[in-house]
Amino acid sequence: MLVLLKDIYYSFPIQLLLLSFKRFQFLLFSWVLFFLVILGGLGNSVGAPSVFLDPEYLGHVGYLSFAIVGIGFGIFYVTWNVVSYILHSHRFPFMASLQYPLGMFFINNSIIPLVFIISYLASVIHFQQKYEFQTTLDLLFDAMGFFAGFVLVLLVTSVYFNFTNVNTGSILQANKENIRRKKAVKRVLFNESMETEHLNRVDFYITNKLRLRHTRTVEHYDSRLHRLVFRRHHFNAFIAFIIILGFLTASGFYLEKPFFQIPIVASGFLFVSIIMSLFGMFLYWTGGWGAAAIIVFLMGANYLTKFDVFGSKSTVYGINYDTVQADYSMKNFRALSSNGDIEHDRQYFINILENWKRKNTDPRNPNKKPMMYFINVSGGGLRSGMFVTSIIQKSDSLAGNKLFDKTFMISGASGGMFGVTYLRELFLRQKQGQPVSLQDSIIIENVSRDLLNPIALSILNNDALLPYHKFELGGKKYYKDRGYIFERFFCDNTGLDFEKTIGDYQKPEYDALVPLVIYHTTVINDSRRFFISPHPVSFLMRPYGSDSLDEALDIDAIDFCRMFEKQGGRNLLVSSAMRMDATFPFILPNPVLPTNPPTYVMDGGALDNFGTETAIRFLKTFRDWINKNTAGVVIIQIRDTEKLDEPEAITQRTLFNRLTDPLGTVYNNMENMHDFLTDQRLNDMDEELKGKIHFVMFEYTAEKEEDKAAMSMHLTSRDKNDIRRSLLRANNQAAFNKLRAILKY
């Protein structure tokens, strides 16, 4: 038994497995990451497991999508083995005498990949059966697709290395007359730090026929000959890496073609493969200085991005970056929100309010005051976008297709604004005489279409390399990045005009033909916010009135179009305004605005995830007009999370918890803090409006927390079905009944 255990221990697969844990653990980290995702231990809240287990390609999940995943995994598998071979091959000199040394290395280094494949397919089967209701035949085709893609990569790899790689025998045959003079060896550079200072003992290895075979001694060969073999293998691997990188770079020219929008999991495998290859080459070329070289490289690349030498700064589209920069200073903030400006903007908006009142006053009963509606929507990716769209459609149906006529203003954050932007444009087209119905079921399908695959591919093919692709708009050129891809594909999915600007809505909003939509975005520099509207809204920047402290109060918001008047603020694309309101970290790039000093913006939900603060500031400013001219205010809040969560019990706290809880509490309870503050503000506002506020709240909830749709730019069939079912749940049915009663006024 001891002999058997000893033989197992000194077998090539076990030695390679142990070496993976002992040396260059970064190679192992990628596997740990992928294992955690497919087993549900990481990224559940953002839908990471579902993109692995339910890959979508061209709108479908099946043989083709899994085949592309198989190709991506195959490239990752080959890259991992090649990098491991480059870093570890000098420890196993016996391989140089094998006929196919690299192939033998792949076979013997497959314990971890084999376990992963089994775990992945088991997870796919469980997910597809439980949530997507696939049949056994469907699952069989999924597995066949994955293996077809995986095997295709292995075949291409084997053909390439079969024609390029050598062993000691082939070198001896080709260099019979020169080997004693060692000319062949001398012509090859070798990194001395990777020499065979520590050899690993191996007694058995698995052959290409999956049989065990004893290793044979290679002491009779010149040690430099072994190194020559390995160096040639390394060079061939490097050429293969350059070919793959060139292919990915070339495919960046076709980012907007649906055919190239591969499943995000395949993009993930490719992205990790590139990072692994780069780090592997750094470690090999720099020897013992590998970690330091990587750090220096990352610091250098980071420093260069400061100067935008690679077009790495993301922008928004429509405004002019090539003219004078707007002054981002307290002096300018106060100049933009002077008492005169605020009073001018108030009178400007009184005209819009009068237009709205005229539209909503029944000529048969002119003394009956109309009810004014506000819609506030929460962030939450496509989950929120689909839920908001579904709720508004149903509410509009209850209102006799008049909800947007009754609504004065819509505000919110992130994903919720996807649905609002789409529906408001369709409503405008309807008003302009086009045959459009807001009740069409295709609207929900369009707004929930995948955006994650094109964004991920842009990160892989463009942003992670060099964002050198440009496009022209209004005589100005901009770099294409994942922000551009997001805007372009959202417009393609919904049929919206990509080049439509916020200024195009100024007259329809002023005439009260459509509701006002006010976007907002958070300034990273100082946590202020921009309010984005084609109308002057300086009254949202600070408190104003005879009883306010005025100059003593800070200014926490900025009128976007007033700030960027010289840069063409009203030429900002609607899709860019929506993106600034939805710039979730890492998924979308943080745009820089043309100010001095430069300002970077992010998701508006960081400061106000429901748009309620925008509505409250407006109500506060026009409370006298509203009290005099309306029967009351209805605030419809549509949120993708449950508001009244039970307090979370903490039974035991570890040392790590004690260190991280203070920061974690702030992040995890940010939405609760928003709710606490806005509830107080709403109550105060209700008192100022003499109890005229009616609050109707819709919440996306799931029967089980694990079944809840993920906050992501990708929704699975299961996610979409659960969002649809959420409208039928008791809390939302009660909200619909409350709204129905209010609409009877």
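Keep in mind the model is a prediction, meaning the values are calculated, not measured.

### As for the overall build of the chain
So, point 1. Of regular secondary structure, the chain possesses 30 helices and 15 strands.
So, point 2. Here the chain, with 745 residues, has 54% of them falling under the buried criterion.
So, point 3. By sequence separation, contacts in the chain at least 24 residues apart represent 81% of the contacts at least 6 residues apart.
So, point 4. Accessible surface for the chain amounts to roughly 34,300 Å². Of this, 59% is attributable to carbon and sulfur atoms.

### Examining helix 5 (residues 63-88)
So, point 1. Taking 1.5 Å of rise per residue, 26 residues should cover 38 Å, and helix 5 covers 36 Å from first to last C-alpha, within 8% of that figure.
So, point 2. Most of helix 5 is tucked away: 23 of the 26 residues are buried.

### A word on the environment of Thr-612
So, point 1. Mapped onto the secondary structure, Thr-612 falls in helix 25 (residues 612-621).
So, point 2. The buried category is assigned to Thr-612, whose relative accessible area is 0%.
So, point 3. For the pair Thr-612 and Ser-378, spaced 234 residues apart in sequence, the C-alpha to C-alpha distance is 9.3 Å.
So, point 4. Thr-612 has contacts with Asn-376, Gln-637, Thr-678 and Leu-682, leaving out every residue within four places of it along the chain.
So, point 5. A distance of 3.3 Å separates polar atoms of two side chains, one belonging to Thr-612 and the other to Gln-637.

### Here we look at the nonpolar core
So, point 1. Counting 158 residues, the largest nonpolar core has Tyr-120 and Phe-530 as its most contacted members.
So, point 2. When near neighbours in sequence (up to four residues on either side) are disregarded, Tyr-120 contacts Ile-38, Phe-52, Leu-53, Phe-66, Val-69 and Phe-146.
So, point 3. Counting residues in each nonpolar core, the second largest holds 31 residues, with Ile-352, Leu-540, Ala-557 and Met-685 among its members.

### Digging into the packing of aromatic side chains
So, point 1. Within the structure shown, the criterion is met by 55 aromatic pairs.
So, point 2. With centroids separated by 5.2 Å and ring planes inclined at 85°, the aromatic side chains of Phe-539 and Phe-622 adopt a geometry described as edge-to-face. With a gap of 83 residues between them, Phe-539 in the loop between strand 9 (529-532) and strand 10 (557-559) and Phe-622 in the loop between helix 25 and helix 26 (623-629) connect regions that are remote in the sequence. With respect to class, Phe-539 is no different from Phe-622; both count as buried.
So, point 3. A cation over a ring is seen here: Arg-201 above Tyr-10, with NZ or CZ 4.0 Å from the ring centre.
So, point 4. One residue, Arg-424, lies across the ring of Tyr-505, its end atom 3.8 Å from the ring centre.

### Here's the deal with the pattern of salt bridges
So, point 1. Considering all chains together, one arrives at 24 salt bridges under this definition.
So, point 2. One salt bridge connects Glu-445 with Arg-724, and the closest N-O pair in it is separated by 2.5 Å. Of the two residues, Glu-445 is situated in helix 19 (residues 442-447) and Arg-724 in helix 29 (residues 717-726); the sequence distance between them amounts to 279 residues.
So, point 3. Among the residues examined, Glu-445 registers a relative accessible area of 30% and is labelled partly exposed.
So, point 4. Judged by its relative accessible area of 35%, Arg-724 falls in the partly exposed class.
So, point 5. Two residues, Glu-613 and Arg-681, come together in a salt bridge whose shortest N-O distance is 2.8 Å. In this pair, Glu-613 is assigned in helix 25 and Arg-681 in helix 28 (residues 670-688), connecting sequence segments 68 residues apart.
So, point 6. Glu-613 sits in the buried class, given a relative accessible area of 10%.
So, point 7. The class of Arg-681 is partly exposed, set by a relative accessible area of 30%.

### Regarding helix 25
So, point 1. Where burial is concerned, most of helix 25 is hidden: nine out of the ten residues are buried.
So, point 2. Where helix 25 is concerned, the buried positions are Thr-612, Glu-613, Thr-614, Ala-615, Ile-616, Arg-617, Phe-618, Leu-619 and Thr-621.

### Some thoughts on the environment of Asp-450
So, point 1. Within the secondary structure, Asp-450 is located in the loop between helix 19 and helix 20 (452-463).
So, point 2. Given the relative accessible area of 12%, Asp-450 is considered buried.
So, point 3. The spatial distance from the C-alpha of Asp-450 to the C-alpha of Ser-712 is 9.5 Å, given a sequence separation of 262 residues.
So, point 4. Among residues more than four places away in sequence, those in contact with Asp-450 are Glu-56, Leu-382, Asn-493, Met-713 and His-714.
So, point 5. In terms of polar contacts, Asp-450 uses its side chain to reach the backbone amide nitrogen of Leu-452, at 3.2 Å.

### Some remarks on the packing of helix 5 against helix 12 (residues 264-286)
So, point 1. Put simply, helix 5 and helix 12 touch, their axes get as near as 8 Å, and they point 10° apart. Overall, the two elements helix 5 and helix 12 adopt an arrangement that is roughly parallel. Contact residues: Ile-68, Val-69, Gly-72, Phe-73, Ile-75, Phe-76, Thr-79, Trp-80, Val-83, Ile-86 and Leu-87 in helix 5; Val-265, Ala-266, Phe-269, Leu-270, Val-272, Ser-273, Met-276, Ser-277, Gly-280, Leu-283 and Tyr-284 in helix 12.

### Comments concerning a nonpolar patch on the surface
So, point 1. A surface patch of nonpolar side chains, amounting to about 580 Å² of accessible area, comprises Tyr-63, Leu-64, Leu-137, Leu-140, Phe-141 and Met-144.
So, point 2. Residue contributions to the nonpolar patch peak at four residues, all from helix 8 (residues 136-164).
So, point 3. Counting through the fold element by element, Phe-141 comes out in helix 8.
So, point 4. In this structure Phe-141 comes out as partly exposed when scored by relative accessible area, which is 40%.

About the thresholds
Residues numbered from 1 in each chain as written. Predicted model: local features only at pLDDT ≥ 70, side-chain atom pairs only at ≥ 80, totals over all residues. Heavy atoms only, no water. Helix = DSSP H or I, 4+ residues; strand = E, 2+ residues; numbered from the N terminus. Buried < 20%, exposed > 50% of the residue type's maximum accessible area, 1.4 Å probe, protein only. Contact = heavy atoms within 4.5 Å. Areas by Shrake-Rupley, 256 points an atom, 1.4 Å probe, with all protein chains shown as cover. Expected span 1.5 Å × (residues − 1). Polar contact = N/O pair within 3.5 Å; in protein donor to acceptor, adjacent residues only side chain to side chain. Core = buried A, V, L, I, M, F, W, Y, C linked by side-chain atoms within 4.5 Å. Phe/Tyr/Trp six-rings, centres within 6.5 Å; stacked < 30°, edge-to-face > 60°. Lys NZ or Arg CZ within 6 Å of the ring centre and 35° of its normal. Salt bridge = Lys/Arg side-chain N within 4 Å of Asp/Glu carboxyl O. Axes fitted to C-alpha atoms, helices over the stretch in contact; angles between N-to-C directions. Parallel < 35°, antiparallel > 145°, perpendicular 65-115°, else oblique. Patch = residues over 30% accessible without salt bridge, like charges linked within 9 Å, V, L, I, M, F, W, Y side chains within 5 Å.

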